[in-house]
Amino acid sequence: MQDLKKISKLLFNTFITNDTAIAVQTESGYKTVETDVTPETIEYMLRGKASIAAYQQATYKNTLRWICFDFDCVSEERLSELFETVVRPFLQNLTDICIPFIAEFSGRRGFHVWIILDRMVSKQDGFALLSAIHAKCIPYMEDPESLYHLDRFPATGSGHNKYGKAVKIPMSYHRRGLYAQMLSPDRDYQILPATVLDDAFIDIQTAILEGYQNANYDNLQKFLHIESFTERLITIS
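Remember, it's a predicted structure, so these values are computed and weren't measured experimentally. For every chain, the first residue of its written sequence is number 1, and the numbers climb from 1 along that sequence. Where totals are concerned, whole chains, interfaces and linings use all residues; where local detail is concerned, this predicted model gives features only for residues with pLDDT of at least 70, and gives and counts side-chain atom pairs only at 80 or more. Hydrogens and water are ignored here; the side-chain numbers use all heavy atoms of the structure.

1. Points about the state of the cysteines
And then number 1: Cysteine sulfur pairs qualify as disulfides if the two atoms are within 2.5 Å. Evaluated as defined, the whole model comprises 0 disulfides.
And then number 2: As a non-bridged cysteine, C73 has C68 as the owner of its nearest cysteine sulfur, 17 Å distant.
And then number 3: For C98, which is in no disulfide, the shortest distance to another cysteine sulfur is to C137 and amounts to 11 Å.

Following this line, the structure appears as C-alpha cells:
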C-alpha cells in the first residue's frame with residue numbers, strides 16, 4: 001500500500017470545515033470527539049479501518065463550506081435502481097449547468113453528493129443554495145420514499161448550535177467490509193469492490209480530489225437567483 005499522507009491531506013482539505021471536533025463510529029453509533037483534527041487524523045482513520053464524520057459548521061459560527069445530499073435506498077437490492085433513476089440523472093443535471101460535485105457510494109446502500117464551495121457562507125445561504133439545487137436538479141418522483149430517503153445538509157437554514165450535523169467522509173470503512181468511495185465520471189461512476197486500500201483504489205480517489213474545482217458561490221447565487229443573507233463572505237485561501 002502506498003503512502004497515505006497525500007490522500008489524507010486531500011480529504012482533510014476538501015471535507016473538514018470544523019477542525020476542533022469529529023464524530024467517530026463506535027459500537028453504539030457515532031460519538032463526538034473534541035480534538036484537533038488534522039490530516040494525520042484522516043491517515044489514522046484510513047490505516048485503522050475506521051469511520052469518521054465531519055461536522056458541517058464551524059464551532060458556534062453557523063457558517064459552512066459544503067452542502068451534501070444523502071440518498072439512502074430502502075433496500076440494498078434496489079441500489080442500482082436508485083442510482084439509475086434518481087442519482088445518475090441528478091448528477092447529469094448538475095453537470096449540464098456546470099455545478100461541480102463529488103459523488104460517493106457510502107459503502108452499503110446509499111450515495112452522497114457533495115458540493116464544496118470556494119468560501120465560507122452562512123447556514124442560511126447554504127440552505128438556500130441546497131434548496132435551489134434540489135428543486136432544479138433532483139428528478140421528480142410521485143412517491144420517492146418508496147425507493148429512497150433523502151437527508152440534506154444543512155437540514156434547515158435557521159437555528160444555532162455548536163457544530164451542525166455531521167456526514168461520514170469518503171474512504172471511511174463500513175463495518176460490512178467496504179470502504180466508502182468517491183465515484184469517477186470517467187469510469188461511468190463504477191462502484192469498485194473496495195475491501196482494501198490498494199494502490200489502484202487510492203489512485204482513483206486521489207485523481208477525483210485533485211481534479212475537483214470548488215464551486216464558485218457567487219456564480220451559483222447569480223445563476224440560481226438566490227437571495228444572500230450573508231453581509232460578509234469569507235474567501236478561503
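Now that the structure is up, let's keep going.
2. Considering the sheet that holds strand β1 (residues 21-26)
And then number 1: DSSP calls a pair of strands paired once it identifies at least 2 bridges connecting them. Helix and strand definitions here come from DSSP, where helices need a minimum of 4 consecutive H or I residues and strands a minimum of 2 consecutive E residues; each element is numbered from the N-terminal end. One open sheet accounts for 4 strands, arranged β2-β1-β3-β8; its pairing is antiparallel. With partners counted over all chains shown, the strands left at the sheet margins are β2 (29-34) and β8 (166-168), one partner each. The mean angle between the axes of side-by-side strands here comes to 30°, regardless of whether they run parallel or antiparallel.
And then number 2: In terms of strand pairing, strand β3 (residues 52-55) meets β8 through 3 bridges, oriented antiparallel. Across the sheet, residue Y55 finds its bridge partner in β8, namely A166. Lines fitted to C-alpha atoms define the axes here, with helix axes fitted over just the stretch in contact, and angles between the N-to-C directions of these axes take values from 0 to 180 degrees.

3. Side note on helix α5 (residues 199-211)
Owing to its 3.6 residues per turn, the α-helix aligns residues three or four sequence positions apart on the same side.
And then number 1: Over its 13 residues, α5 runs 18 Å from end to end, which matches the ideal 18 Å to within 8%, given 1.5 Å per residue.
And then number 2: Restricting attention to buried positions, one finds in α5 the residues F201, I202, I204, Q205, T206, I208 and L209.
And then number 3: Two residues qualify as a contact provided that any one of their heavy atoms is within 4.5 Å of a heavy atom in the partner residue. Buried residues along α5 sit in contact with α1 (5-15), β5 (102-105) and β9 (181-183). To estimate how far a helix should extend, the number of its residues minus one is multiplied by 1.5 Å. We call a residue buried when its accessible area falls under 20% of the maximum for its residue type, exposed when it is over 50%, and partly exposed in between, using a 1.4 Å probe and counting protein chains only.

4. As for the layout of surface pockets
And then number 1: Cavities and pockets were defined on a 1 Å grid built over protein atoms only: a cavity is a set of grid points that admits a 1.4 Å probe from which the probe cannot escape, a pocket is an open set flanked by protein on both sides within 12 Å along at least five of seven lines, and lining residues are those with an atom within 4 Å of any such point. Grid points are joined across faces, edges and corners, and a volume is the space filled by probe spheres set on the points. The computed volume of the largest pocket comes to approximately 450 Å³.
And then number 2: As for the largest pocket, its lining consists of 19 residues, of which D70, D72, S106, H112 and K168 are closest to the centre.
And then number 3: At the level of secondary structure, the elements contributing two or more residues to the lining of the largest pocket comprise β4 (63-73), β6 (110-122), β7 (148-153) and β8.
And then number 4: Classification used: nonpolar for Ala, Val, Leu, Ile, Met, Phe, Trp, Tyr, Cys and Pro, charged for Asp, Glu, Lys and Arg, polar for all others including Gly. Looking at the lining of the largest pocket, its residues break down into 6 nonpolar, 5 polar and 8 charged.
And then number 5: Approximately 350 Å³ is the volume attributed to the second largest pocket.
And then number 6: When contributions to the lining of the second largest pocket are tallied by element, the ones reaching two or more residues are β5 and α5.
And then number 7: Tallied by class, residues from the lining of the second largest pocket come to 12 nonpolar, 4 polar and 1 charged.

5. Some points on the side chain of S172
And then number 1: Position of S172 relative to the elements: it lies in the loop between β8 and β9.
And then number 2: Not counting residues within four places of it along the chain, the set of residues in contact with S172 comprises M45, A50, S51, I52, L178, Y179 and A180.

6. Observations concerning the pairing of β2
And then number 1: Where β1 and β2 come together, 6 bridges link them in antiparallel fashion. In the strand pairing of β2, A23 is matched with T32.
And then number 2: Count of turn residues in the β1/β2 antiparallel hairpin: 2 residues.

7. Thoughts on the confidence of the model for the protein
And then number 1: Of all residues in the protein, 95% attain a pLDDT of 70 or more, and the chain-wide mean is 92.
And then number 2: The predictor attaches a confidence to each residue, and that confidence, scored 0 to 100, is pLDDT. Here residues 231-237 scores under 50 on pLDDT; set against residues more than four positions off or in separate chains, the count is 13 contacts.

8. Topic: the pattern of salt bridges
And then number 1: Here, a salt bridge means any side-chain nitrogen of Lys or Arg that lies within 4 Å of a carboxyl oxygen of Asp or Glu. Throughout the structure, instances matching the rule amount to 11 salt bridges.
And then number 2: Among the ionic pairs, E43 bridges to R47, the shortest N-O distance being 3.1 Å. Of this pair, E43 and R47 both sit in helix α2 (residues 39-47), separated by 4 residues, roughly a single helical turn.
And then number 3: Overall, the relative accessible area of 47% leaves R47 in the partly exposed class.
And then number 4: The salt bridge involving D188 is made with R88; its shortest N-O contact spans 2.8 Å. Remark: R88 occurs in helix α3 (residues 79-96) and D188 occurs in the loop between β9 and α5; sequence separation between them is 100 residues.

9. A look at the packing of aromatic side chains
Pairs of aromatic rings are described using the distance from one ring centre to the other and the angle between the two planes.
And then number 1: Pairing of aromatic rings covers Phe, Tyr and Trp, the last through its six-membered ring, and needs centres within 6.5 Å; plane angles under 30 degrees mean stacked, over 60 mean edge-to-face, and all others mean tilted. If you walk through the whole model with that rule in mind, you get 11 aromatic pairs.
And then number 2: Plain terms: the ring middles of F15 and W114 are 4.7 Å apart, the flat faces sit at 65° to each other, and that makes the pair edge-to-face. Here W114 lies in strand β6 and F15 lies in helix α1, a separation of 99 residues in the sequence. For the residue pair F15 and W114, the accessibility class agrees, reading buried in each case.
And then number 3: Relative to Y179, the ring of Y173 lies with its centre 4.8 Å away and its plane at 65°, an arrangement referred to as edge-to-face.
And then number 4: Its relative accessible area of 16% is what places Y173 among the buried residues.
And then number 5: Put simply, the rings of F69, F71, F90 and Y148 pair up and form one aromatic cluster.

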